[in-house]
Amino acid sequence: MFEHRGRVGLRVGAVLLVGWGGSGCPTRAPPRGQEVVQQALVHTSLAPAWASPGAPGGGIQDGWLATFQDAELQALVSEAMRHSPDLRSAAARVDQAAAQLGVARAGLFPSLDIEGRESFGIGQGFEGVLRGIDFSAGWEVDLWGKIRYRRNAASESVAAAEAEFEFARQSLAATLAKGWLLATEAHLLQCIAVERIQMGEELVRLTTTRVQVGAASENELSLAQANLDSYRDILKQTELARVQAVRAVELLAGRYPSGALAPRASLVELPGPVPAGIPASVLERRPDLIAAERRVAAAFNRVEEAKAARLPALRLTGAVGYVDSDVVVLKDTLTNPTGGVAAGLLAPLFHGGALAAQVRVRTAEQEEALGAYAAAALRATNEVEDALTSARVLGERRELLEKVVAGQARSLELLSVDYRVGKVDLRTVLQQTLLADSARILLLRVRSEQLIQRINLHLALGGSFAVPAQPKSDD
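Residues numbered from 1 in each chain as written. Predicted model: local features only at pLDDT ≥ 70, side-chain atom pairs only at ≥ 80, totals over all residues. Heavy atoms only, no water.

Asks: Would you mind going over the environment of A75 with me for this structure?
Replies: Along the chain, A75 falls in helix 3 (residues 71-83). Sequence separation of A75 and A253 is 178 residues, and the distance between their C-alpha atoms is 9.6 Å. (Helix = DSSP H or I, 4+ residues; strand = E, 2+ residues; numbered from the N terminus.)

This is how it looks when you write it as structure tokens:
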């Protein structure tokens, strides 16, 4: 009789599991896209176009790294993608989020356990061993979506971690490229210092000759020597700056910072104009903003989970087992297998306000996520506007400085001839040398900054450094 009831009970439990499995309330979808923008940017809105004049139209493009046509830079970025400790940490965070999703998903399925036991007893006129094995199952029926909301929140967290990992890759590529440019700039500044030392040595030799023939004073010779020493000091400074810049690149690439990496001999040319799209397209492409949107969705699901936790919970349990004993008085009365099912309804009545407080906590977290998204969206659009404005101003400055450099170089050339024939004194030549050097250095830094701002623009727009894979042909 008990065996029959156990089997019937298990069949009824299976029917209940299947029946209750599809009867839960549907979950609400979190806000997406434009809805998140409207909830986050309450007091402002995105402009239909960029405020900075001259922004090229067209869709945002990927593969910006190749546009610099620097094979060594591309190799360094590839090396960094493989060996960067920062990327390793970001990848581990993705794995953590994925594991948490696995934990959350497990709650949607019944749990199954097995227990084996053996005991020895003495008393009441008998002694012997009682042994058995039990299989038990338990399942919380997700009536109100609490477990599904938990799973959805974990799934959104995985998507956010993946987007943050992608943004870490994009940021690493951009930072390394800018560091490579700065190392090249430092190398070129060192080259200018070497040229100035060579010129200073020539001035010392020329002034020495002039002193010997009575065309210059000892004071002019002392001035020429002091000027040469100052150039040598500048060379030491530029050597240090170059080594530090190179070590920064080596660290980003995952190498030991030995300072042995050789920078380029010249700056690359500025690539052509970059299609800037519209502000809305940036929100859809930038991985960090995608991550922020997913954080909002995860927070929304946690709010709904907290609300569902205030409602009654239904849990089904079932068990089946086998018992054996060498005790004579028990052996004849045992019936196998044994089993049964049970259903329990738990309704929270009073928890001191903890459940309501948890809803408020989750609601505040959702508001925090919306605020973080708003800040990230405004920061992103500001980065694009700054990069566009900087590109325009730097282009104008470069045109002016190229003229200044040419004029200053011509003036220095003429003054050097005049000094050789005694028309001007050494101070005039040195002052013109400083002016010519300053113009060359300014032009170098403007050219370098143009390239850096171009990288900033690509990163701000959400354009990937990698060339997108081409679809395979059906042929």
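Asks: Hey, could you run me through empty space enclosed by the protein in this one?
Replies: Over the atoms a probe the size of a water molecule is rolled, and this reveals where empty space is left. Using the criterion set out here, one finds one cavity of 30 Å³ or more in the structure. What lines the largest cavity is simply F68, D70, L73, A177, W180, L181, V268 and I455. The leading source of residues in the lining of the largest cavity is helix 5 (residues 146-212), at three residues. Among the residues making up the lining of the largest cavity, the classes are represented as seven nonpolar, no polar and one charged. (1 Å grid on protein atoms, 1.4 Å probe; cavity = no way out; pocket = protein on both sides within 12 Å on 5 of 7 lines; lining within 4 Å. Points joined across faces, edges and corners; volume = space filled by probe spheres on them. Nonpolar A, V, L, I, M, F, W, Y, C, P; charged D, E, K, R; others polar.)

Asks: Honestly, the packing of aromatic side chains in this entry has me stumped. Any pointers?
Replies: Any aromatic ring pair is given by two values, namely how distant the centres are and how the planes are angled relative to each other. Counted under the stated rule, the structure contains one aromatic pair. Taking 6.0 Å as the distance between ring centres and 85° as the angle between the ring planes, the aromatic pair formed by W64 and F68 counts as edge-to-face. Geometry around Y419 places R210 over its ring, the cationic atom sitting 4.6 Å from the centre. (Phe/Tyr/Trp six-rings, centres within 6.5 Å; stacked < 30°, edge-to-face > 60°. Lys NZ or Arg CZ within 6 Å of the ring centre and 35° of its normal.)

Asks: What is the right way to read helix 6 (residues 218-252) from this model?
Replies: Residue pairs three or four apart in sequence face the same way in an α-helix, which turns once every 3.6 residues. Compared with an ideal rise of 1.5 Å per residue, which puts 35 residues at 51 Å, helix 6 spans 52 Å between its outermost C-alpha atoms and is within 8% of the ideal. Remark: G254 follows helix 6 within two positions and exhibits a positive phi of approximately 85°. (Expected span 1.5 Å × (residues − 1).)

Asks: I keep staring at the nonpolar core and nothing clicks. Help me out?
Replies: A general tendency of soluble globular proteins is for nonpolar side chains to be buried together. Judged by nonpolar contacts, the single largest core of 33 residues is most densely connected at W64, L73, L76, V77, L176 and I455. Going through the elements one at a time, helix 3, helix 5, helix 6 and helix 11 (426-461) are the ones with two or more residues in this core. With twelve residues, helix 5 is the single largest residue contributor to this core. In terms of nonpolar packing, the next biggest core, distinct from the first, is built from 27 residues, A40, L370, A380 and A460 among them. (Core = buried A, V, L, I, M, F, W, Y, C linked by side-chain atoms within 4.5 Å. Buried < 20%, exposed > 50% of the residue type's maximum accessible area, 1.4 Å probe, protein only.)

Asks: Is there a simple way to explain the environment of Q38 in this structure?
Replies: Within the fold, Q38 resides in helix 2 (residues 34-40). Judged by relative accessible area, Q38 falls into the exposed class, the value being 55%. Residues Q38 and L370, 332 residues apart in the sequence, show an inter-C-alpha distance of 10.0 Å.

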